[in-house]
Amino acid sequence: MKRRQILTAGAVATTLAVAAPAAAAAPGGVPGNGQAKPPGLAKKDNLAFAAGSTLKIGCAVAGGGHHTSQPYPDPFTADEPYRELLAAEFTSLSAENQMKWDHMRPARDEYNFVDSDAIMEFAEANGQVVRGHTLMWHNQNPAWLTEGGFSPEELRAILKEHIETVVGRYAGRMQQWDVVNEIFDDSAILRTEGNIWIRELGTEIIADAFRWAHAADPEALLFFNDYNVDGINPKSDAYYALIQELLADGVPVHGFSTQGHLSIRYGFPGDLADNLQRFADLGLQTAITELDVRMDVVEGEEPTEAQLAQQAEYYRRVTEAALSVEGCSSLTLWGVLDRYSWVPGTFPGEGAATVLWDDYSRKPAYYAVQDALAEASGRAGHPALRR
C-alpha cells in the first residue's frame, strides 16, 4: 500500500506559538485560559471538523478502572460538559475500562452491560463509531476467573462464551475490536505465564479468539493491540512474525494497533510510520489507539513552556504518521482532560498527558493535532479554525 501524501508546513511554528496557556492560570490555580465553556462546541473549531473524512479521531470514555477510587462521580454519566466535549470533538469513542472483564463480568454468570450500552447509545446518537476494548487480556480480570481453579476445558468455554456474548451484543454496530491485547511482555516474549488464557490453553487460543469474534460479528475489524510497539523493535517484530503466521493459516486478523503511550522523557519513535506501513503492506488496517504524552511534573507545579512544546511536537508527529499510512483509519486519544487521566496514578511524578487543561482550554498539543488533521483534510486556513 502507498503512503498518503500530506502537507504539514508550519505545524511546528504553530505548535510553539501557542504555548501561552502554561503561563496563565484560571480560577482555582488551574492552568488555562479560564474559559468556562469548552471552546469550539458551537462551531466547527474542533478536532472532528479538522479531521474531516481522512480518519476517525477518537477518545477513550473515562470510567471504571482507577476512576472508581477517585473523589468524583463517574465522568461519563455525571459530567455534562465532558459529555458535550466528547460529542463535539470526536468521531470515534473507546471504552477506557467499561468493556474490560473486571467491569463487565462481576460474576461468571453475570454481565454488566449498563456502561458499555450507554457508550454505544451515546455514540450512535452523535454519529460516532465505537472501538471495543478488550476481549482477551492478562490484566484487569476478575478474581472469580483468576482464582476459580477452572480446568482448561472450562476456561476455553468461558472465553468462547464471553466473546460470543459481548461481540454478538454489538454485532453490526462496532467498528473495531481489540481482540487480543498485550500478549508480549517488554522483552518481546509471549506471556506464557502471566496470561491466564495462554498459560492454560496454549498459543492456539489466540487464533481461536479471532475466529470466535469474527463469527460473532463478521463486519467488525479485529485487531492486535499493544504498547511499546510504536517503532520497529523486537516487540513489534514479534507481532509482525506472529501475524504473518496467522494470516497464512486463514485466521481473520484485520488490524494491528499501537497504543501510543509516550513520554517526553524518552526520544520520539521516529520510525512509527515505517512500522505502521509494514503492517499495512500485509493487507492490514492499522490504528493508534491510546495516545497520550506524559511529562515530569512536580506536584503543585505546572509544566514549562518547553515541556508543552515538546509534548505538542510528539502529538503532531504521531498524528502525521497516522495520516501518512494508507489504511490507518483511526487515531484515538487516551483521555482528553488531565483530571481523568490514568497517568498520575500509574506513573508517579508524571502527568499533564492530555491535550486539554482541566478548565477545558487547549494546550499546544491540541493545536498540534488539529493543525496536522486540517493540513491532511484540506481544511487548513478554514475560517472555523482561525485563532
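**Student:** Would you explain the nonpolar core in this entry?
**Tutor:** General note: in soluble globular proteins, nonpolar side chains tend to be found buried as a group. One finds Met-136, Trp-177, Ile-183, Trp-197, Ile-206 and Phe-224 to be the most contacted residues of the largest nonpolar core, which totals 108 residues. In terms of residues, this core owes the most to one element, helix α10 (residues 204-216), which gives eight residues. Those residues within four positions of Ile-206 in sequence are excluded, and the remaining contacts are Met-136, Val-180, Ile-183, Leu-190, Ile-198, Phe-224 and Leu-246.

**Student:** Honestly, the confidence of the model for the protein chain in this entry has me stumped. Any pointers?
**Tutor:** Fine structural detail should not be taken from predicted coordinates in areas where pLDDT scores are low. Averaged over the protein chain, the pLDDT score is 91; the fraction of residues at 70 or greater is 88%. For residues 1-31, every residue scores under 50 in pLDDT, and the model assigns this stretch 74 contacts once sequence neighbours within four places are set aside.

**Student:** So what exactly am I meant to see when it comes to helix α6 (residues 114-125) here?
**Tutor:** Since the α-helix turns once every 3.6 residues, residues separated by three or four places project in the same direction. For α6, built from 12 residues, the straight-helix expectation of 16 Å at 1.5 Å per residue is met to within 8% by its first-to-last C-alpha distance of 16 Å. If you check which residues of α6 are buried, you get Ser-116, Asp-117, Ile-119, Met-120, Phe-122 and Ala-123. Immediately beyond the C-terminal end of α6, within one or two residues, lies Gly-127, with a positive phi of roughly 70°.

**Student:** Would you take a moment to explain unusual backbone geometry for this structure?
**Tutor:** Excluding glycine, a negative phi dihedral is what most residues carry, and trans is how most peptide bonds are arranged. With an omega of 5°, the peptide bond running from His-133 to Thr-134 counts as cis. Position of Thr-134 relative to the elements: it lies in strand β3 (residues 129-136). Within the chain, Ala-188 stands out as a residue other than glycine whose phi angle is a positive 65°. Relative to the helices and strands, Ala-188 is located in the loop between β4 (176-181) and α9 (196-201). On the basis of relative accessible area, Ala-188 is assigned to the buried category, the value being 16%.

**Student:** I'm lost on helix α11 (residues 234-248) in this one. Help?
**Tutor:** Over its 15 residues, α11 runs 21 Å from end to end, which matches the ideal 21 Å to within 8%, given 1.5 Å per residue. Inspection of α11 places Lys-235, Ser-236, Ala-238, Tyr-239, Leu-242, Ile-243 and Leu-246 among the buried residues, and these make up the whole buried set. Projected onto a plane normal to the axis of α11, the buried residues spread over an arc of 145° and lie on a single side. With respect to the buried face of α11, the exposed residues turned more than 90 degrees away are Pro-234, Glu-245 and Ala-248. If you follow the buried residues of α11, they end up packed against α10, β5 (221-226), β6 (255-258) and α12 (272-280). The backbone nitrogen of Lys-235 lies 3.1 Å from a side-chain oxygen of the residue at the head of α11, namely Asn-233. With its phi angle positive at about 80°, Gly-250 sits one or two positions after the end of α11.

**Student:** So what exactly am I meant to see when it comes to the packing of α11 against α12 here?
**Tutor:** For any two helices packed against each other, one specifies the crossing angle of their axes together with the interaxial distance. Following both chains from N to C, one finds α11 and α12 inclined at 10°, their axes separated by 11 Å at the closest point. Taken together, the axes of α11 and α12 lie roughly parallel to each other. Across the interface between the two elements, Ser-236, Asp-237, Tyr-239, Tyr-240 and Ile-243 from α11 touch Asn-275, Arg-278 and Phe-279 from α12.

**Student:** Just checking my understanding: could you explain the pattern of salt bridges for this structure?
**Tutor:** On inspection of all chains with the given rule, the structure shows 20 salt bridges. Linking Arg-199 and Glu-200 is a salt bridge whose minimum nitrogen-to-oxygen distance equals 2.9 Å. In this structure Arg-199 comes out as partly exposed when scored by relative accessible area, which is 36%. Glu-200 sits in the partly exposed class, given a relative accessible area of 32%. The partner of Arg-294 in a salt bridge is Glu-350, and the shortest N-O contact between them spans 3.2 Å. Placement of the pair is Arg-294 in strand β8 (residues 285-296) and Glu-350 in strand β10 (residues 350-351), with a sequence separation of 56 residues. Comparing Arg-294 with Glu-350 shows no difference in burial state: the two are buried. Within this structure, Arg-265, Arg-294, Asp-296 and Glu-350 form a network of salt bridges that share partners.

Each value, and the rule that gives it
Residues numbered from 1 in each chain as written. Predicted model: local features only at pLDDT ≥ 70, side-chain atom pairs only at ≥ 80, totals over all residues. Heavy atoms only, no water. Core = buried A, V, L, I, M, F, W, Y, C linked by side-chain atoms within 4.5 Å. Buried < 20%, exposed > 50% of the residue type's maximum accessible area, 1.4 Å probe, protein only. Helix = DSSP H or I, 4+ residues; strand = E, 2+ residues; numbered from the N terminus. Contact = heavy atoms within 4.5 Å. pLDDT = per-residue confidence, 0-100. Expected span 1.5 Å × (residues − 1). Arc of directions from axis to C-beta. Polar contact = N/O pair within 3.5 Å; in protein donor to acceptor, adjacent residues only side chain to side chain. Axes fitted to C-alpha atoms, helices over the stretch in contact; angles between N-to-C directions. Parallel < 35°, antiparallel > 145°, perpendicular 65-115°, else oblique. Salt bridge = Lys/Arg side-chain N within 4 Å of Asp/Glu carboxyl O.

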